[in-house]
Amino acid sequence: MKKEYRIESDPYIFAHGELCEGEAGKTGGWRSYRPVIDHSRCTPSKNQKPSCFLCWLYCPEGVVSRTIPVVINYDYCKGCGICAEECPTRAIEMVDESAFRRQEDGRENQETLSAANTPR
């Protein structure tokens with residue numbers, strides 16, 4: 001199991017206020033493209049040290065975690081792609097959301113079928 005690091009507050013970074021749920025609710029359903037992180041190329045994940053975090057710094061929605069490994073909250077990510085553009089190692093790729101929706105729909109259908117076929 002990978003160890004998750006929590007980065008302490010840095011007094012020199014003033015990019016974000018306190019995170020909170022968006023006023024519009026979960027807005028991830030609006031996206032056309034989803035940012036996907038290749039952790040083998042991501043500087044903090046690769047070095048296991050708190051460094052870079054430009055994706056976190058520039059995310060206008062504040063949905064990128066400043067942890068190791070970096071995590072994106074897809075419930076609120078709108079898929080703007082700023083994180084991918086700012087990543088110096090190109091570890092974030094914008095992938096067509098429809099592929100993920102088909103996978104999720106298939107998984108939900110499979111879970112529904114499994115539940116219906118389970119003897120009681």
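Along each chain, residues carry numbers from 1 onward, in the same order as the chain's sequence is written. pLDDT decides what is reported in this predicted model: residues at 70 or higher carry local features, side-chain atom pairs at 80 or more are listed and counted, and totals for whole chains, interfaces and linings draw on all residues regardless. Heavy atoms from the whole structure form the basis of all side-chain values; hydrogens and water molecules are not counted.

- As recorded in an unreviewed UniProt entry, the protein goes by the name Pyruvate ferredoxin oxidoreductase delta subunit, listed as coming from Thermodesulforhabdus norvegica.
- Under the UniProt heading Cofactor (unreviewed entry), the note attached to the protein is "[4Fe-4S] cluster". UniProt positions are given in the numbering used here, feature names are shortened, and annotations may be inferred rather than shown by experiment.

1. Description of the packing of aromatic side chains
So, point 1. Stacked, edge-to-face and tilted are the three classes for Phe, Tyr and Trp ring pairs, Trp counted by its six-membered ring, which pair at centre distances within 6.5 Å; planes under 30 degrees apart are stacked, over 60 edge-to-face, the rest tilted. One pass over the full model with this rule turns up zero aromatic pairs.
So, point 2. A ring is scored as having a charge over it whenever the NZ atom of a lysine or the CZ atom of an arginine sits within 6 Å of its centre and within 35 degrees of its normal. Here Arg-34 stacks its cationic end above the ring of Tyr-74, 4.6 Å away from the centre of that ring.

2. What to know about the pattern of salt bridges
So, point 1. In the sections that follow, a salt bridge refers to a side-chain nitrogen of Lys or Arg positioned within 4 Å of a carboxyl oxygen of Asp or Glu. This structure, assessed with the given rule, holds three salt bridges.
So, point 2. Across the pair Arg-34 and Glu-97 runs a salt bridge whose closest N-O atoms are separated by 2.9 Å. On the criterion of sequence distance, the pair formed by Arg-34 in strand 2 (residues 33-37) and Glu-97 in helix 4 (residues 97-117) is long-range, its members being 63 residues apart.
So, point 3. The closest approach of N and O atoms between Lys-78 and Glu-61, which form a salt bridge, is 3.0 Å. In this pair, Lys-78 sits in the loop between strand 3 (67-68) and helix 3 (82-86) while Glu-61 sits in the loop between helix 2 (54-58) and strand 3, placing the two residues 17 residues apart along the sequence. By definition, any uninterrupted DSSP run of H or I lasting at least four residues is a helix, any uninterrupted run of E lasting at least two residues is a strand, and each is numbered from the N terminus.

3. Section: the nonpolar core
So, point 1. Core analysis: the largest hydrophobic core is formed by 18 residues, its most contacted members being Ile-37, Cys-55, Val-63, Val-64, Val-70, Ile-72 and Ile-92.
So, point 2. Listed by contribution, the elements that provide at least two residues to this core are helix 2 and helix 3.
So, point 3. Only heavy atoms enter the contact rule, under which two residues are in contact if any of them lie within 4.5 Å. When neighbours within four sequence positions are excluded, Ile-37 is seen to be in contact with Cys-42, Val-70, Ile-72, Ala-91 and Ile-92. In plain words, nonpolar cores are sets of buried Ala, Val, Leu, Ile, Met, Phe, Trp, Tyr and Cys residues tied together by side-chain atoms within 4.5 Å. Type-normalised accessible area, obtained with a 1.4 Å probe on protein chains alone, sets the label of each residue: buried when under 20%, exposed when over 50%, and partly exposed for intermediate values.

4. Brief notes about a nonpolar patch on the surface
So, point 1. Patches draw on residues past 30% relative accessible area with no salt bridge. Two like charges within 9 Å are joined, as are two nonpolar side chains (Val, Leu, Ile, Met, Phe, Trp, Tyr) within 5 Å. Where accessible areas are quoted, they stem from the Shrake-Rupley method and a 1.4 Å probe; at the residue level, only the protein chains shown are allowed to cover. Taken together, the side chains of Leu-57, Tyr-58 and Ile-82 make up a nonpolar region of the molecular surface, amounting to roughly 230 Å² of accessible area.
So, point 2. Leu-57 sits in the partly exposed class, given a relative accessible area of 32%.

5. Notes on the environment of Ser-45
So, point 1. Its place among the elements puts Ser-45 in helix 1 (residues 43-47).
So, point 2. For Ser-45, a relative accessible area of 6% translates into the label buried.
So, point 3. Residues Ser-45 and Thr-67, spaced 22 residues apart in sequence, show a C-alpha to C-alpha distance of 9.0 Å.
So, point 4. Sequence-distant contacts of Ser-45, defined by excluding residues within four places in its chain, comprise His-39, Ile-68, Pro-69 and Val-70.
So, point 5. Nitrogen and oxygen atoms within 3.5 Å of one another constitute a polar contact, given that in protein one can donate a hydrogen and the other can accept it, and given that sequence-neighbouring residues count only through two side-chain atoms. A polar atom in the side chain of Ser-45 sits 3.0 Å from the side chain of His-39.

6. Some details on the side chain of Thr-43
So, point 1. Looking at the secondary structure, you find Thr-43 in helix 1.
So, point 2. Residue Thr-43 is classed as buried on the basis of its relative accessible area of 19%.

7. Some words on unusual backbone geometry
So, point 1. Cis geometry is adopted by the peptide bond preceding Pro-69, which originates at Ile-68 and carries an omega value of 0 degrees.
So, point 2. With respect to the secondary-structure elements, Pro-69 resides in the loop between strand 3 and helix 3.
So, point 3. Non-glycine residue Phe-53 carries a positive phi angle of around 55 degrees.
So, point 4. Inspection of the secondary structure assignment puts Phe-53 in the loop between helix 1 and helix 2.
So, point 5. With a relative accessible area of 5%, Phe-53 lands in the buried category.
So, point 6. If you check the backbone angles, Arg-90 has positive phi at about 55 degrees while not being a glycine.

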